[in-house]
Amino acid sequence: MKQTRVLILLFFALFLAEGTQSFAQKKRFDRSKQLIVGIKGGVNFTHPMVLQSHSVFSPTGNSANGSENKTYEPIMKNMGFQGGLFLLYRFTNQISAGIEGLFFQYRYAYSNTYTWADTQEGTSFTLEQKHINRLHYFEIPALVRYDINIRKITPFVQGGVYTGFLQSGISQTRSTQSSGQVFPASPTQNPPTQTNDRFAKVSFGVLGGAGVSYFAGKVMLSLGGNVRYSILPPTGNLHRYNDQASTSSAYLDVPDNIRLLNLELYISVGVPIGLKGGSQPKFGTNYCTF
């Protein structure tokens, strides 16, 4: 118990000593008017929000199980990745704006089950499929950032818009067949196919998030997360049933009209390249601690 009290008193003594020293110096680090350049990368998770569902088949009036609804995988199973460069200009100690250039992969998957029954012979045939879609974009997010303080460890919030340019769309299907007389066959993994003509060439949306930055000498290390929402649906009526890869006829893969809700987690490293004065150290050593 006595050791705990000693540690608490020592902590407060160090805290007061640091605060007194910073106040006595009357020197406050200024991060304003600095240009920061860096790299960032991480992973992301996608949740498709269905606006309108589409299918190759439609059940007839006397069909009980002509086709079942699609089942999308939960967001944490739809993992993609992203990475690229960023520029951040600090107008003041707490307000800055930036632009990024990212290679961004969205991944989402859905499953569907088709069942056909022969009422005369009493037999049935079931086809289970899982369709995995990967969309690759070059994205340009523009963000405004607000730093909550100007200490060495700085929480921040940010928000903005993004524009994406489709680089490629890739679809892959895994199928399993079964019937009443035989055991289910082993899943068949079909080769990936290009589906660029199914998706809009340009995407646009909003994003917002938060994080924390650590300023250490000449390096700004940040951990953060953003939530993206696509205002323009990536899927429309572009060759939904007659795409060049013929995935609608070959694999019964027809995309729904969706919007994408995406969670981005990232780490970034940046260094300042524009300073107010040549003699001032990059990011400095004296921080406001009160």
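It should be noted that the structure appears before, not after, this text.
Residues numbered from 1 in each chain as written. Predicted model: local features only at pLDDT ≥ 70, side-chain atom pairs only at ≥ 80, totals over all residues. Heavy atoms only, no water.

(A) Structural context of the overall build of the protein. A count of helices and strands for the protein gives 2 helices and 11 strands. Starting at the N terminus, the α and β elements of the protein follow one another as α-β-β-β-β-β-β-β-β-β-β-α-β. Going through the 290 residues of the protein one by one, you find that 40% of them count as buried. Roughly 15700 Å² of accessible area belongs to the protein as shown, and the carbon and sulfur atoms make up 63% of that amount. (Helix = DSSP H or I, 4+ residues; strand = E, 2+ residues; numbered from the N terminus. Buried < 20%, exposed > 50% of the residue type's maximum accessible area, 1.4 Å probe, protein only. Areas by Shrake-Rupley, 256 points an atom, 1.4 Å probe, with all protein chains shown as cover.)

(B) Local environment of the pairing of strand β6 (residues 153–179). By the bridge criterion, 23 bridges tie strand β5 (residues 123–147) to β6 in an arrangement that is antiparallel. The partner of R145 across the bridge, within β6, is Q158. Here β5 folds back onto β6, and the loop between the two strands holds 5 residues. Across 13 bridges, β6 lies against strand β9 (residues 202–216) in antiparallel orientation. Within the sheet, the bridge partner assigned to T163 lies in β9 and is F204. Where β6 lies against strand β8 (residues 193–194), 2 bridges are found, and the strand directions are antiparallel. Opposite I170, over in β8, you have Q194 as the bridge partner. As judged from the 2 bridges shared by β6 and strand β7 (residues 188–189), these two strands associate in the antiparallel manner. Pairing of S175 across the sheet is with T188, part of β7. (Pairing = 2+ DSSP bridges.)

(C) Structural view of the packing of aromatic side chains. Applying the stated criterion to the full structure yields 6 aromatic pairs. Taking the centre distance of 6.5 Å and the plane angle of 35 degrees together, the rings of Y72 and Y108 count as tilted. Here Y72, found in strand β2 (residues 71–72), pairs with Y108, found in strand β4 (residues 95–118); they are 36 residues apart in sequence, far enough to count as distant. The same class applies to Y72 and to Y108, which are both buried. (Phe/Tyr/Trp six-rings, centres within 6.5 Å; stacked < 30°, edge-to-face > 60°.)

(D) Structural view of the nonpolar core. Grouped together as the largest cluster of nonpolar side chains are 15 residues, with contacts concentrated most on Y106, Y108, L135 and L260. Those elements giving two or more residues to this core turn out to be β4, β5, β6 and β11 (257–274). In terms of residue count, β4 provides more of this core than any other element does, 5 residues in total. Setting aside anything within four residues of it in sequence, one finds Y108 in contact with T46, P48, Y72, N78, H131, I132, N133, L135, F199, T235, I258 and L260. I36, F86, F215 and M220 belong to the second-largest nonpolar core, a separate cluster that totals 5 residues. (Core = buried A, V, L, I, M, F, W, Y, C linked by side-chain atoms within 4.5 Å. Contact = heavy atoms within 4.5 Å.)

(E) Representation of empty space enclosed by the protein. Enumeration over the complete set of coordinates arrives at 3 cavities of 30 Å³ or more. Lining the largest cavity are 15 residues, and of these F86, L88, E100, R145 and Q158 sit closest to its centre. The set of elements that each furnish at least two residues to the lining of the largest cavity consists of β3 (79–90), β4, β5, β6, β10 (219–230) and β11. Broken down by class, the residue content of the lining of the largest cavity amounts to 8 nonpolar, 4 polar and 3 charged. (1 Å grid on protein atoms, 1.4 Å probe; cavity = no way out; pocket = protein on both sides within 12 Å on 5 of 7 lines; lining within 4 Å. Points joined across faces, edges and corners; volume = space filled by probe spheres on them. Nonpolar A, V, L, I, M, F, W, Y, C, P; charged D, E, K, R; others polar.)

(F) Summary view of the environment of K218. You can see K218 is positioned in the loop between β9 and β10. Overall, the relative accessible area of 56% leaves K218 in the exposed class. Along the backbone, K218 and V271 are 53 residues apart, and their C-alpha atoms lie at a distance of 5.9 Å.

(G) How the structure looks around the pairing of β10. In the sheet, β9 pairs with β10 via 12 bridges, with the strands oriented antiparallel. The residue of β10 that forms the bridge with A216 is V219. Connecting β9 to the next strand, β10, in antiparallel fashion are 2 residues, including G217 with a positive phi near 60 degrees.

(H) Inspection of the side chain of S230 at higher detail. Within the secondary structure, S230 is located in strand β10. You can call S230 buried: its relative accessible area is 4%. Looking at S230, its side chain comes within polar contact range of the main-chain nitrogen of L260, at 2.7 Å. (Polar contact = N/O pair within 3.5 Å; in protein donor to acceptor, adjacent residues only side chain to side chain.)

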